[in-house]
There are 2 protein chains.
Amino acid sequence: MPDQPSQKSPAKAPPVLRADARENRERILRAAREAYALHGIDVPMATIARRAGVGVATLYRRFPTRAFLVTEAFAEQLAHCVSALDEGLADPDPWRGFCSAIERVCLMQASERGFTQAFLGQFPDHAGYAEERARAEEGLARLVRRAQEAGQLRRDFTVGDATLVMLANSGAAAGAGPDGPAASRRLVAYLLQSFRAPGAAPLPPPVRLNLERILER
Amino acid sequence: MPDQPSQKSPAKAPPVLRADARENRERILRAAREAYALHGIDVPMATIARRAGVGVATLYRRFPTRAFLVTEAFAEQLAHCVSALDEGLADPDPWRGFCSAIERVCLMQASERGFTQAFLGQFPDHAGYAEERARAEEGLARLVRRAQEAGQLRRDFTVGDATLVMLANSGAAAGAGPDGPAASRRLVAYLLQSFRAPGAAPLPPPVRLNLERILER
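Note that this is a predicted model, so its numbers are computed, not measured.

## Description of the overall build of chain A
Per the secondary structure count, chain A includes 11 helices and zero strands. Its helices and strands in sequence order give chain A the pattern α-α-α-α-α-α-α-α-α-α-α, from N to C terminus. By the burial criterion, 37% of the 217 residues in chain A qualify as buried. Here the analysis covers contacts within chain A between residues at least 6 apart in sequence; of these, 69% occur between residues at least 24 apart.

Here it is, written out as structure tokens:
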């Protein structure tokens, strides 16, 4: 794409440069998210640089490691996840809070396809994700407990089932391509109807799935 | 692994050679399935040859194209899918037939992870899969209609929802690793409980998912 006509003037060089740098950064992060959605988070840094229209050296100057770039690219999505859980817990109706948290996290997963892999991925050189994951796991456990204590969520639902929903949702969204968000909404609605107490029929034994164990593979 | 001590004798050379060839073929097909499960069906032929412990030339002599190797590797799984649908239709109880077909296809998907991608993949030089896919789609549609006409399957369930189940199941099984089959059983049980009529709450609109459309992407 051709550049916009330059508005630079020598007198204002430093502030304009900072705006350029910001714009560059945003362009790189957007290109990274697009590349992750298409090819997964193992996509080479050079591919991202090409998509963003910057040199590889520039990319590495701003984002020295792959892990750093991944976490920066999805910072907003991670914050969105955490606030979906917090707001679910703040809802006075435990069932509504549980459902809205699951729905929001799943819809975000479906709209930003690289995020699930980034969130579940292993980044030994970037501790921030591990903390956020632990916080998310704890928030989910509280949402589940609260809805079960209110008699609104079936008793045999486990926290591992919430991870199961996310994995299933991720598969549905990825396979449905541009229909990902619609496929996610439909799948999640089916599952939530099954999770609702009472009247639930017996299930096969739960799977001990948690974010930590998936991460170890 | 070391070879077994050779039992060959010059007088029996031709039959022993045929047995060797059969064994070679089985070893290649097994290696291919393992490689597809780990890396997807785009894995290089050389990787499969290495896993099977044969030369690349031998691999190409037996399986001249990637599409041919993929379809041969999953021939048994495809036949299993088709018979799961046929047996579901033969069950005098439409709901039980519907459930058992879905359960069997999903469990097979979960146990043989490369299969879903192979089945949904595009092989212009191998027409067999397209026919089988069309047959599977038709069998599914009949299973759905029959269970709905019996009042056992919710009215708003669509054939696209069956594809949605397969995509979700594939995501759950892939993410759960060695727990894939258990994760699949649990997910499918939740979904089937939600599909059962009556008492179903309203859903978001269905997604027009079918094997053909996914294939076009």
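Once you've had a look at it, read on.
## What about the domain arrangement of chain A?
All names here are of chain A. With domains assigned, chain A is organised as domain 1 (10-65) and domain 2 (74-215). Facing the six residues of domain 1 at the interface are seven residues of domain 2. Class assignment for the residues of the side of domain 1 that touches domain 2 results in three nonpolar, two polar and one charged.

## A word on the confidence of the model for chain A
Residue and element names in this part refer to chain A. On average, residues of chain A score 81 in pLDDT, and 78% of them reach the 70 mark or higher. Of all helices and strands in chain A, the one with the weakest mean pLDDT is helix α11 (residues 211-215) (49), whereas helix α2 (residues 45-52) scores best (95). Below pLDDT 50 for its whole length, residues 1-14 participates in two contacts with residues either more than four positions away or in separate chains. Of the two predicted TM-score estimates for the complex, the pTM is 0.77 and the ipTM is 0.77.

## A closer look at the environment of Ala173(B)
All names here are of chain B. As for its position among the elements, Ala173 is in helix α9 (residues 159-176). Its 27 C-beta neighbours within 10 Å are what place Ala173 among the buried residues. Taking the C-alpha atoms as reference points, Ala173 and Tyr60, separated by 113 residues in sequence, lie 31 Å from one another. Other than its neighbours up to four places away in sequence, Ala173 contacts Gln109, Ala110, Arg113, Gly180, Ala183 and Ser184.

## Some details on the packing of helix α5 (residues 75-90) of chain A against helix α6 (residues 94-111) of chain A
Residue and element names in this part refer to chain A. Between α5 and α6, the shortest axis-to-axis distance is 7 Å and the interhelical angle comes to 170 degrees. Comparing their axes, α6 and α5 come out roughly antiparallel. Mapping the contact onto sequence places Gln77, His80, Cys81, Ala84, Leu85, Gly88 and Leu89 in α5 and Gly97, Phe98, Ser100, Ala101, Arg104, Val105 and Met108 in α6. For the contact of α5 with α6, the per-class residue count stands at eight nonpolar, five polar and one charged.

## Quick look at helix α10 (residues 180-195) of chain A
Residues and elements named next belong to chain A. The terminal C-alpha atoms of α10 lie 22 Å apart, and with 16 residues this matches the ideal 22 Å at 1.5 Å per residue to within 8%. Where burial is concerned, most of α10 is hidden: 12 out of the 16 residues are buried. For α10, the full list of buried residues reads Gly180, Ala183, Ser184, Arg185, Arg186, Leu187, Val188, Tyr190, Leu191, Leu192, Ser194 and Phe195.

## Some points on α2(A)
All names here are of chain A. Among the residues of α2, Ile48, Ala49 and Ala52 are the ones counted as buried. Buried positions in α2, seen along its axis, are confined to an arc of 100 degrees and lie on one side of it. Gly53 sits one or two positions beyond α2 and adopts a positive phi of about 70 degrees.

## Regarding the environment of Arg96(B)
Examined against the element boundaries, Arg96(B) turns out to sit in helix α6 (residues 94-111). Along the backbone, Arg96(B) and Glu72(B) are 24 residues apart, and their C-alpha atoms lie at a distance of 31 Å.

About the cut-offs
- Residues numbered from 1 in each chain as written.
- Chains lettered and ligands numbered in written order.
- Predicted model: local features only at pLDDT ≥ 70, side-chain atom pairs only at ≥ 80, totals over all residues.
- Helix = DSSP H or I, 4+ residues; strand = E, 2+ residues; numbered from the N terminus.
- Buried ≥ 20, exposed ≤ 12 C-beta atoms within 10 Å, placed from the backbone.
- Contact = placed C-beta atoms within 7 Å.
- Domains from an automatic or database assignment.
- Nonpolar A, V, L, I, M, F, W, Y, C, P; charged D, E, K, R; others polar.
- pLDDT = per-residue confidence, 0-100.
- Axes fitted to C-alpha atoms, helices over the stretch in contact; angles between N-to-C directions.
- Parallel < 35°, antiparallel > 145°, perpendicular 65-115°, else oblique.
- Expected span 1.5 Å × (residues − 1).
- Arc of directions from axis to C-beta.

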